[in-house]
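# Observations on the model geometry
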Amino acid sequence: MGRITAITISVKIKFYIQNPKRQKRTPSSSNIQIIESSNYQITKMSKIKKTFASYDAAPENTSHIDLKAQYDLFINGKFVKPQSKQYYDTINPATEKKIASIAKGNAKDIDLAVKSAKKAFESWSKTEPKERAKYIYRIARMIQERAREFAVIETMNGGKPIRESRDIDIPLAANHFFYYAGWADKLDYAFPNRKPKPVGVVGQIIPWNFPLLMAAWKLAPALATGNTVVLKPAESTPLTALKLAEIIQESGLPDGVVQIVTGFGDAGAALVNHPLVNKIAFTGSTEVGKYIQKAVAGSNKKVTLELGGKAANIIFDDAPIDQAVEGIVNGIFFNQGHVCCAGSRLFVQENIADKVIQKLKDRMKTLIIGDPMDKNTDIGAINSKEQLLKINNYIKIGIAEGAEMYQTNCALPSQGYFCKPTLFLHTSQSHRIVQEEIFGPVLTIQTFRTIEEVIEKANNIPYGLSAGVWTDKGSKIFNLTTKLRAGVVWANTYNKFDPTSPFGGYQESGFGREGGVHGLLPYVHF
Amino acid sequence: MEILKTYKLFIGGAFPRTESGRYYKLENKQKQVIANMCLSSRKDFRNAVVAARKAVEGWSGRAAFNRGQILYRIAEILEGRKAQFVAELLLQGSTKSSAEKEVRLAIDRCVYYSGWCDKYQQLFGSVNPVATSHFNFSVPEPTGVVCVIADENTSLLGLVSAILPIIVGGNTCVVLASESKPLCSITFAEVLATSDLAAGVVNILTGNSKELHTHFASHMDVNAIIYCRENAAEIKAIAELSSMNVKRSFVWNKDWLKAENENPYLIMDVQEIKTTWHPIENIGVSGAKY
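Residues numbered from 1 in each chain as written. Chains lettered and ligands numbered in written order. Predicted model: local features only at pLDDT ≥ 70, side-chain atom pairs only at ≥ 80, totals over all residues. Heavy atoms only, no water.

Our focus in this paragraph is the overall build of chain A. Scanning chain A for helices and strands turns up 15 helices and 23 strands. Among the 526 residues that make up chain A, the fraction classed as buried is 62%. As displayed, chain A has an accessible area near 19,600 Å², and 52% of this comes from carbon and sulfur atoms. (Helix = DSSP H or I, 4+ residues; strand = E, 2+ residues; numbered from the N terminus. Buried < 20%, exposed > 50% of the residue type's maximum accessible area, 1.4 Å probe, protein only. Areas by Shrake-Rupley, 256 points an atom, 1.4 Å probe, with all protein chains shown as cover.)

With that settled, consider the environment of Lys210 of chain B. Within the fold, Lys210 of chain B resides in helix α8 (residues 209-218). Here the alpha-carbon distance between Lys210 of chain B and Ala233 of chain B, two residues 23 residues apart in the chain, equals 9.9 Å.

Residue and element names in this part refer to chain A. Summed over the entire model, instances satisfying the criterion amount to eight cavities of 30 Å³ or more. Its volume calculated, the largest cavity comes out at about 110 Å³. Together, 16 residues line the largest cavity, and Arg345, Ala458, Gly464, Ser466 and Arg485 are the ones closest to its centre. Of all elements in the fold, only α14 (451-459) and β20 (466-470) reach the threshold of two or more residues within the lining of the largest cavity. (1 Å grid on protein atoms, 1.4 Å probe; cavity = no way out; pocket = protein on both sides within 12 Å on 5 of 7 lines; lining within 4 Å. Points joined across faces, edges and corners; volume = space filled by probe spheres on them.)

For the rest of this paragraph, the subject is the packing of helix α2 (residues 129-145) of chain A against helix α4 (residues 162-181) of chain A. All names here are of chain A. It is the contact of α2 with α4, at a shortest axis distance of 8 Å, that shows an interaxial angle of 165 degrees. Classified by the angle their axes make, α2 and α4 are roughly antiparallel. For the pair α2 and α4, the sense of crossing is left-handed. For the pair α2 and α4, contact is made by Ala133, Ile136, Tyr137, Ile139, Ala140, Arg141, Ile143 and Gln144 and by Ile170, Ala174, Asn175, Phe177, Phe178 and Ala181, respectively. Looking at the contact of α2 with α4 residue by residue, the classes come out as 11 nonpolar, two polar and one charged. (Axes fitted to C-alpha atoms, helices over the stretch in contact; angles between N-to-C directions. Parallel < 35°, antiparallel > 145°, perpendicular 65-115°, else oblique. Left-handed = near helix turned anticlockwise from the far one by under 90°. Contact = heavy atoms within 4.5 Å. Nonpolar A, V, L, I, M, F, W, Y, C, P; charged D, E, K, R; others polar.)

This part takes up the confidence of the model for chain A. Of the residues in chain A, 90% reach a pLDDT of 70 or more, and the chain-wide mean stands at 91. Low confidence marks residues 28-51 of chain A, where pLDDT is under 50. Its contacts with residues over four positions away, or in another chain, come to 36 contacts. (pLDDT = per-residue confidence, 0-100.)

To continue, consider the domain arrangement of chain A. Residue and element names in this part refer to chain A. If you check the domain split of chain A, you get domain 1 (70-307) and domain 2 (312-491). In this assembly, 26 residues from domain 1 lie in contact with 26 residues from domain 2. Around 2,200 Å² of area is buried between domain 1 and domain 2 when both sides are counted, 56% of it from carbon and sulfur atoms. For the pair domain 1 and domain 2, the number of links is one salt bridge. With its nearest N and O atoms 3.2 Å apart, the salt bridge here joins Asp378 to Arg163. The interface formed by domain 1 and domain 2 holds 10 residue pairs in polar contact (both at pLDDT 80 or more) in total. Breaking the side of domain 1 that touches domain 2 down by element, the ones donating at least two residues are α3 (147-158) and α4. Ranked by residues supplied to the side of domain 1 that touches domain 2, first place goes to α4 with five residues. In the side of domain 1 that touches domain 2, the residues fall into 11 nonpolar, eight polar and seven charged. (Domains from an automatic or database assignment. Buried area = accessible area lost by both parts, 1.4 Å probe. Salt bridge = Lys/Arg side-chain N within 4 Å of Asp/Glu carboxyl O. Polar contact = N/O pair within 3.5 Å; in protein donor to acceptor, adjacent residues only side chain to side chain.)

Turning our attention to a nonpolar patch on the surface. Taken together, the side chains of Val127, Phe135 and Ile280 of chain B make up a nonpolar region of the molecular surface, amounting to roughly 300 Å² of accessible area. Of note, Val127 of chain B is situated in strand β3 (residues 126-127). (Patch = residues over 30% accessible without salt bridge, like charges linked within 9 Å, V, L, I, M, F, W, Y side chains within 5 Å.)

All names here are of chain A. Look at helix α1 (residues 107-124) against helix α8 (residues 265-273): their axes get within 8 Å of each other, and the N-to-C directions meet at 40 degrees. Classified by the interaxial angle, the pair formed by α1 and α8 is oblique. Two packed elements cross with a definite hand, and for α1 against α8 that hand is right-handed. Of the residues in α8, those in contact with Ala107, Ile110 and Val114 of α1 are Ala267, Ala270 and Leu271. By residue class, the composition of the contact of α1 with α8 is six nonpolar, no polar and no charged.

All names here are of chain B. Strand order in the open sheet formed by five strands is β7-β6-β5-β8-β9, with parallel pairing between adjacent strands. Each edge of the open sheet carries a strand with a single partner, namely β7 (202-205) and β9 (248-251). Averaged over neighbouring strand pairs, the angle between their axes works out to 15 degrees when direction is ignored. With four bridges joining them, strand β5 (residues 145-149) and strand β8 (residues 224-227) adopt parallel strand pairing. The residue bridging Cys147 from the neighbouring strand is Ile225, located in β8. (Pairing = 2+ DSSP bridges.)

For the rest of this paragraph, the subject is the interface of chain A and chain B. Taken together, the contacts link 49 residues of chain A with 46 residues of chain B. Between chain A and chain B lies a buried interface of about 3,800 Å² when both sides are counted; carbon and sulfur atoms form 56% of it. On the surface where chain A and chain B come into contact, there are one salt bridge. In this structure, the salt-bridge partner of Glu272 of chain B is Arg513 of chain A, at a minimum N-O distance of 3.6 Å. At the surface where chain A touches chain B, the tally comes to 23 residue pairs in polar contact (both at pLDDT 80 or more). Listed by contribution, the elements that provide at least two residues to the side of chain A that touches chain B are α9 (286-295), α15 (474-483), β21 (488-491) and β22 (510-511) of chain A. Among the elements that take part in the side of chain A that touches chain B, α15 of chain A stands out by supplying five residues, more than any other.

Further remarks concern the nonpolar core. Of all hydrophobic cores here, the largest spans 179 residues; its most connected members are Phe177 and Leu360 of chain A together with Phe188 and Ile204 of chain B. A per-element tally of this core places helix α6 (residues 211-224) of chain A first, with 11 residues. In this structure, Ile75, Val296, Leu305 and Phe511 of chain A belong to the second largest nonpolar core, which totals 25 residues. (Core = buried A, V, L, I, M, F, W, Y, C linked by side-chain atoms within 4.5 Å.)

Attention now goes to the pairing of strand β18 (residues 422-425) of chain A. Residues and elements named next belong to chain A. Every second residue of β18 is oriented toward a common face, with Thr422 and Phe424 on one face and Leu423 and Leu425 on the other, all of them buried. Of the strand pairs in this sheet, β18 and strand β19 (residues 442-448) are connected by three bridges, and their pairing is parallel. Bridged to Thr422 within β19 is Val442.

The next thing to look at is the sheet that holds strand β8 (residues 97-103) of chain A. Residues and elements named next belong to chain A. If you trace the three strands from one edge of the open sheet to the other, you get β4-β8-β7, paired in mixed fashion. Only two strands of the sheet have a single partner each, and these edge strands are β4 (70-71) and β7 (87-92). Bridge count for β7 against β8 is six bridges, and the pairing is antiparallel. Paired with Tyr88 across the strands is Ile102, a residue of β8. Along the sheet face, α3 touches β7 and β8 and points at about 100 degrees away from the line of β7.

Let's shift gears to the pattern of salt bridges. When the charged atoms of two side chains lie near each other, side chains of opposite charge can form a pair. Residues and elements named next belong to chain A. Per the counting criterion, the structure on display carries 46 salt bridges over all chains. Ionic pairing is found between Glu235 and Lys232, a salt bridge with its closest N-O pair at 3.8 Å. A relative accessible area of 32% means that Glu235 is categorised as partly exposed. Judged by its relative accessible area of 4%, Lys232 falls in the buried class. Each of Lys68, Arg146, Glu149, Lys243, Glu246 and Glu250 takes part in a single network of salt bridges with overlapping partners.

Our focus in this paragraph is α6 of chain A. Residue and element names in this part refer to chain A. With 14 residues, α6 should cover 20 Å at 1.5 Å per step; its first-to-last C-alpha distance of 20 Å lies within 8% of that length. Of all 14 residues in α6, 14 are buried; the element is thus mostly enclosed. Phi for Gly226, located one or two positions after α6, is positive at around 90 degrees. (Expected span 1.5 Å × (residues − 1).)

We now examine the packing of aromatic side chains. Counted according to the given criterion, the structure contains 23 aromatic pairs over all chains. A ring pair is formed by Tyr112 of chain B and Trp116 of chain B, whose centres lie 6.4 Å apart and whose planes are at 80 degrees; its orientation type is edge-to-face. Here Trp116 of chain B and Tyr112 of chain B lie together in helix α4 (residues 96-116), a separation of four residues that amounts to about one turn. A residue is classified by how much of its surface remains accessible, and Trp116 of chain B, at 15% relative accessible area, is buried. Linked through ring pairs, Phe210, Trp217, Phe334, Trp490, Tyr494, Phe497 and Phe503 of chain A together constitute an aromatic cluster. Its end group placed over the ring of Phe79 of chain A, Lys68 of chain A keeps NZ or CZ at 5.0 Å from the ring centre. Positioned above the aromatic ring of Tyr406 of chain A, the side-chain terminus of Lys361 of chain A is 4.9 Å from the ring centre. (Phe/Tyr/Trp six-rings, centres within 6.5 Å; stacked < 30°, edge-to-face > 60°. Lys NZ or Arg CZ within 6 Å of the ring centre and 35° of its normal.)

Quick look at the structure:
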């Protein structure tokens, strides 16, 4: 993913110049003084002594992408029509406009897909591991070659800023395939004193927040270990998974090794309950995760669950404050807060709280919310109308609970699903907005005095996916990372991901790890 | 006149009777009553979980080396009381040779797992070569409170074989002993109580799985459950109820006499992998990435 911080403003700032022909995009406010220049006519807004710093529109070119009007299911190496003959619209959440028709897979399609996977397992599991690796390497390379196209489609379909899909989602997805490809012929070294074998047919259900990346997290280790797969993308973001199906087809991967079945919850449930499926890997809400755990009870199916979170991001008074503020912003506003490991509970040591909160508010004023396809955009569109309603409902709940809300006065686009970055001050442990996962750009802030107090508060939650710690003191970091009940702890950084780095939760954030050598275990048995 | 032993429960380092006042008769092959065993209640289980939760911080916070010494101490004490365990096994219907073998294996297993206390982290942890400028490492950490429904067919070996891999890694546990062969469990509790194992790390109940298994599986402050029997209905019910708090649920229905069923993968079943990231740069310098 390179040396990329998720939310940065990297472009040259230009000053507001009166030119009605060019679209101007303005951050919510600015304290940048205007600089006179004889070459340009300066807007009369300088009357108020301050004016808006702005950015030229910098839309990503979308002309080079190849999208069909209609997408079918990818089963047994071919694109086939759904048994139901039904299709649904997938939209661009930034414009609310339809992009393509997507096949609505149902239980019958899942049955066909699972049977294809079962059949393909016979030969794929016996394929020489070195040869297996080559197919996976090839997929990685083909994603890299078409990275920009994938980035554009990811942003169109999911609403995330193009800068994130371009610099994070797509490169990481390719890297995951590349990393796990190399494991295929080295598995005996991963498990001391054991001979790992593939588990069989794997059912994988992935969420809408990182559509291609989650597909890569699921597919790469499953294929490297010799399993065959039926993958169900999230209903709102199927496009990059279907483009991946095209790559898989072109890569020459044997028919039936991977099937991609689009559809809704009923298709997911059919996959979970199918008797020929040997393992379920799920990323999504804790609610659905619990349903899956219950559904497979007594069936001998292996399960891994990567579920919700409500991460504590803890700022001590000896932290590098400016970097910590960047970390707070990246922690909660990365991908519009649609991140299971988002740093959604901020804990600031009391003696620096005023300073940190002021700097945070100032920083929020510079965030650009709007067209996800614009390369300057920091916060794109909320993934769906349903999710926007959910977030807005939580904002109402927070206000009703008596917390103090802060939003910048930025303008939101008139079309599409957008949400202002939001802070809640004076929150307490018992508030619903503190306890429940909102999955949006909403941050709750609490203060603390002692390290014991903040550990207690941070851990006092059913989730345990991730946490952040900001302090310049090494011993404090190790004390904290040892005591925080979370699968990933970012110290003096936040929201970093890598194929070699295991990711997954404690407690109600699920079990099993994805990434690294630990990510192989869910896909083998001894 | 022989003094008969009263078999009680083991909760939080103490030996209380069941709060319910209930008991069941344990008989030998000749249908003679050997002992009145406590028939543990849901409330006993809940008390035991409170004790186990309280013990997690201290036990998981011990140096791994120290845990290894305490497990080795368990082997030493068990060795010294070998004859008592053999006698109890005989009383519960074992032959002399199988009783001696079972006790020998139980002692050896304590020594085996004692050695793992400060080693599994190195085998199953990792330093991860991430592409960004960060130092990144993963270590196993205890899941927390684990409850166990122990093997029904052995009195000592199954119980010991399930407890050890759990406590090696800093977890604490609540164990339901074999209902038909419960004697060694409470005597083993006496071994634990004199081995410098902190109160609450291991808690042992006697009673009936049919009555208790749903309470074990549905308790919201239990992190994992291990079932060592073969009742399919109970396995299913436990797995279903575990979903209430995403409890880790395992079936260890194993032949504990076999050497292959002592291994570090059992330790890892009740470990979580924690990954920590930190930038490799001077904080605050130009170009540093956070």
